[in-house]
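# Understanding the architecture of this molecule
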Amino acid sequence: QVQLVESGGGLVQAGGSLRLSCAASGSTFTPNTMGWYRQAPGKQRDLVATISSGGGTNYADSVKGRFAISRDSGTNIVYLQMNSLKPEDTAVYYCKYASSGRTSWGRGTQVTVSS
């Protein structure tokens, strides 16, 4: 069982920045992939960005150049730095951990971008 604790959401004006954090604990393994997904009201949950334990990253086209995912070396703590935020970035952001065929999700943190 892997537990994920997210933090850092909130309300920000368009053009502003936020930083999300997610810490995984419990039965974690290496290699693994952690990432962020988001779900706006009435829409499906979509990929935002992922990072592997080896450092490889993947981004949704809509956030490339604005968001950056990173992780503390040798730990299961990941960050999502979100810059130049737009109203369409408003959603609940969920942290995901995946390893050895098993997946865990965090409870989500709300990000609201006002115009």
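Everything below is about the structure shown above.
Keep in mind that this is a model prediction, so the values were computed, not measured. (Residues numbered from 1 in each chain as written. Predicted model: local features only at pLDDT ≥ 70, side-chain atom pairs only at ≥ 80, totals over all residues. Heavy atoms only, no water.)

Here we come to unusual backbone geometry. The peptide bond linking T30 to P31 adopts the cis configuration, its omega dihedral lying at 10 degrees. The topology assignment puts P31 in the loop between β3 (18-26) and β4 (33-39). Even without glycine at this site, S84 takes up a positive phi of about 50 degrees. Following the sequence through the fold, S84 ends up in the loop between β8 (77-82) and β9 (91-99). (Helix = DSSP H or I, 4+ residues; strand = E, 2+ residues; numbered from the N terminus.)

Attention now moves to the environment of G55. Inspection of the secondary structure puts G55 in the loop between β5 (46-52) and β6 (57-59). Under the relative-accessibility criterion, G55 is labelled partly exposed at 41%. Counting along the chain gives 17 residues from G55 to D72, while the straight-line C-alpha distance between them is 9.9 Å. (Buried < 20%, exposed > 50% of the residue type's maximum accessible area, 1.4 Å probe, protein only.)

Time to look at the pairing of strand β11 (residues 109-114). By the alternation rule, side chains of β11 split into T109, V111 and V113, which are all buried, and Q110, T112 and S114, of which none is buried. Across four bridges, strand β2 (residues 10-13) lies against β11 in parallel orientation. Within β11, the position partnered with G10 by the bridge is V111. Bridge count between β9 and β11: three bridges; the pairing is antiparallel. (Pairing = 2+ DSSP bridges.)

Take it as geometry only, folks, not as evidence of what the structure does.
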